[in-house]
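Secondary and tertiary structure notes
Letter by letter, the chains look like this.
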Amino acid sequence: MHTVIRELVKNAKSHAFDGFEVNWEEQNRTVSCTHSLQYPEAQERNLHVTSVSWNCTGSVIACAFGRMDDGDWSTEKSYVCTWNLHRQGLNPKRPDAVIDVATAVMSVSFHPSRPSLIAGGLYSGEVVVWDTGRVQDPVLAKTGMSPDTHRDPVCQVHWVPGGRRGEFLVLSAGSGGRVLLWTVHEQSELVLSAGYGLLRQQLPHKTMLTKPRGGSSVGIASLALSPWDSDTFLVGTEGGLVLKCSFSAQAPAATTPDGESVTLRAPAKFCFSPHCGPVYALHCSPFHRNLFLSVGTDGFAHLHSLLQLEPLVSLQVCDSYVFGVRWSPTRPLLFAAATGEGSVHIFDLGGMSLRPVATIEQKSGDRPVYCLEFNPRQTHLLAMGNADGTVNIWHLSTELTEQGPKEVAQLEHLASEVTE
Amino acid sequence: MQSDLIAEVEETLKRIQSQKGVQGIIIINAEGIPIKSTLDNSSTVQYAGLLHQLVMKTRSTVRDLDPQNDLTFLRVRSKKNEIMIAPDKDYFLIVIQNPSD
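Residues numbered from 1 in each chain as written. Chains lettered and ligands numbered in written order. Predicted model: local features only at pLDDT ≥ 70, side-chain atom pairs only at ≥ 80, totals over all residues. Heavy atoms only, no water.

What about the overall build of chain A?
Summing up its helical and strand segments, chain A has 4 helices and 28 strands in all. In terms of C-alpha radius of gyration, chain A reaches 22 Å, essentially the compact-globule figure of 22 Å for 420 residues. Referenced to the eigenvectors of the C-alpha coordinate spread, the extents of chain A come out at roughly 75 × 55 × 45 Å. In chain A, which comprises 420 residues, the proportion classed as buried is 54%. Counting only contacts in chain A whose residues sit at least 6 apart along the sequence, the fraction spanning at least 24 positions is 52%. As displayed, chain A offers around 19,200 Å² of accessible surface, 50% of which is attributable to carbon and sulfur atoms. Chain A carries 32 positive and 41 negative side-chain charges, and their two centres are separated by 4 Å. (Helix = DSSP H or I, 4+ residues; strand = E, 2+ residues; numbered from the N terminus. Rg over C-alpha atoms; globule rule 2.2 N^0.38 Å. Buried < 20%, exposed > 50% of the residue type's maximum accessible area, 1.4 Å probe, protein only. Contact = heavy atoms within 4.5 Å. Areas by Shrake-Rupley, 256 points an atom, 1.4 Å probe, with all protein chains shown as cover. Lys, Arg positive; Asp, Glu negative; His and termini not counted. Charge placed at Lys NZ, Arg CZ, Asp CG, Glu CD.)

Thoughts on the layout of surface pockets
Of the pockets and cavities examined, the second largest pocket occupies roughly 1,400 Å³. Phe20, Glu21, Val22 and Pro405 of chain A together with Lys79 of chain B are, among the 43 residues lining the second largest pocket, the residues nearest its centre. Where the lining of the second largest pocket is concerned, the elements lending two or more residues are helix 1 (2–13) and helix 3 (398–401) of chain A. (1 Å grid on protein atoms, 1.4 Å probe; cavity = no way out; pocket = protein on both sides within 12 Å on 5 of 7 lines; lining within 4 Å. Points joined across faces, edges and corners; volume = space filled by probe spheres on them.)

Regarding the UniProt feature "domain: Roadblock/LAMTOR2" (unreviewed entry) in chain B
Within this numbering scheme, the UniProt entry marks residues 9–97 of chain B as carrying the feature "domain: Roadblock/LAMTOR2" (unreviewed entry). This span, residues 9–97 of chain B, is 38% helix and 33% strand, and a straight line between its end C-alpha atoms measures 19 Å. (UniProt positions renumbered as here; feature names shortened; annotations may be inferred.)

Observations concerning helix 1 of chain A
All names here are of chain A. Its 12 residues give helix 1 an end-to-end C-alpha distance of 17 Å, which sits within 8% of 16 Å, the value for a rise of 1.5 Å per residue. Looking at helix 1, one finds that the buried residues are Val4, Ile5, Glu7, Leu8 and Asn11. Buried residues in helix 1, looked at end-on, bunch into an arc of 165°, giving them a common side. When the buried face of helix 1 is taken as reference, the exposed residues oriented beyond 90 degrees from it are His2, Arg6, Lys10 and Lys13. (Expected span 1.5 Å × (residues − 1). Arc of directions from axis to C-beta.)

A look at the pattern of salt bridges
It is possible for side chains bearing opposite charge to pair when their charged atoms get close. Counted under the stated rule, the structure contains 17 salt bridges over all chains. Glu373 of chain A is the partner of Arg326 of chain A in a salt bridge, and the nearest nitrogen-oxygen pair spans 2.8 Å. Here the residue Arg326 of chain A occupies a position in strand 22 (residues 322–327), and Glu373 of chain A occupies one in strand 26 (residues 369–374), the gap between them amounting to 47 residues. You can call Arg326 of chain A buried: its relative accessible area is 16%. When salt bridges that share partners are traced, they join Glu7 and Lys10 of chain A together with Arg75, Arg77 and Glu82 of chain B into one network. (Salt bridge = Lys/Arg side-chain N within 4 Å of Asp/Glu carboxyl O.)

A word on helix 4 (residues 407–415) of chain A
Residues and elements named next belong to chain A. When helix 4 is considered as a whole, its buried residues turn out to be Glu407, Leu411, Leu414 and Ala415. The buried residues of helix 4 occupy an angular sector of 95° when the element is viewed end-on, so they sit on one face. Residues of helix 4 that are exposed and point more than 90 degrees away from the buried face comprise Ala409 and His413. Where helix 4 is buried, its residues meet strand 19 (291–296), strand 20 (300–305) and strand 21 (313–316).

Comments concerning the sheet that holds strand 9 (residues 139–142) of chain A
Residues and elements named next belong to chain A. The strand order across the open sheet built from 4 strands is 6-7-8-9, with neighbouring strands paired in antiparallel fashion. In this open sheet, the two edge strands, each paired with only one partner strand, are strand 6 (105–110) and strand 9. Between one strand axis and the next, the sheet turns by 20° as a mean value, whatever way the strands run. As paired strands, strand 6 and strand 7 (residues 117–122) are joined by 5 bridges and run antiparallel to one another. Looking across to strand 7, one finds that Val105 is bridged to Leu122. (Pairing = 2+ DSSP bridges. Axes fitted to C-alpha atoms, helices over the stretch in contact; angles between N-to-C directions.)

Regarding the state of the cysteines
Covalent bonding between the sulfur atoms of two cysteines defines a disulfide. Residue and element names in this part refer to chain A. Going through the model one piece at a time under the given rule, you end up with 0 disulfides over all chains. In this model Cys33 remains outside any disulfide bridge; the closest cysteine sulfur is found in Cys63, 14 Å from its own. Cys81 carries a free sulfur, and the closest cysteine sulfur to it, the one in Cys63, is 5.1 Å from it. (Disulfide = S-S within 2.5 Å.)

Some details on the environment of Ser320 of chain A
As for its placement among the helices and strands, Ser320 of chain A is situated in the loop between strand 21 and strand 22. Ignoring anything within four residues of it in the chain, the contact list for Ser320 of chain A reads Thr297, Gly299, Gly340 and Glu341 of chain A.

In structure tokens, the structure reads:
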């Protein structure tokens, strides 16, 4: 025991290891583009990449084609393409799998444990689950033509854990203000298991909103799940609101029933300080249960704590729209934001300035970057989807991916700066 | 007698805990079962299981190199902290310290 105490004291005073660094991995000082994936047929038709998703093993990247600008594209057919980056003889212009879809696809998400299942949300309001392992017809299940389906474009799909172990349901959010939870009945359909409707008059906010034109439903632009609390989800709206919602909310939504098979509930519990313009992306921190980021067309990124109204940090990403934001899976203080100017800016909250520590310019000039995702297994890879129809995979430098020894503590400190 | 021993153990743990940068203390028995800890349950179980194996492997390495030798102290220094393990016939004392805290 005495030895231990002696050693502890010596350790605390010792300078023996000052500045001592060990490199186990090859240090990578540069950020480089490892793959530039394209589907020529989609590019010929000027389709945009609306969403990208990595599968659970980190070897396959899927992208959805559609459009992000205005207009009625409901009759334009589209594609979902996948590339296996680990395959020999990968041809970046020839996806391993191409799924033909009748309308534009706005969001795709790979299943958390089954590497070949992809959920997709369509412009038509349908939600589909595809199985890329099926040779004949890749459609595993989809929402039928029923009063349960979204009547407006689906903006996001996510997989959420269900009641039983290993069971996952599909969550879809639509610009008509509905958030719907679907169980997957294989070989047939997606059955509505629970539904939530957001309406202006049921939002918990103190600010006076201008009288809405048209209906009272709230257009959803983005949705994020909390990896810490399975009951919480965040919604970003077309009007700039950021809402904290609860899956277990009981109050019924004030929608007129229209033959839906479940009663829609009003999920919003708290309204954060809004953005000026649609909130296109939200992401919860994988390192702190109270922190999340929100970005929108006002060009700003807000770091919020779930515990307070005002953002903890508000930084200007660019002079244009911000379409996507993702926390780094390995560095607690780092996040990447995709801009309408065609670049992805990487910010370090531990740094001295509010300027990006790195900027990745897409080769497509200034066509917007609409989506980005970190590879869940090979965390130094970042995929980005552009308006010119390309998906670029970037290999980040070691400095941007290796966690510093005090980062978790610094993030904790940032999160605790919550004012009453 | 027994209560004297327990009191002595408690006293020593307090002294260790008060040293600069100590993040946790775990005492495991010769089989690797934790008998006292200042960390939460799941961390304790994880540390105990992994470090017990490490100590046994390290000890057999030392003795294989020289059968007349034996392990006296094991220190694992990592980017974020240092783990010190003091072995004994009946138990192992594990202390996790971040010296720069």
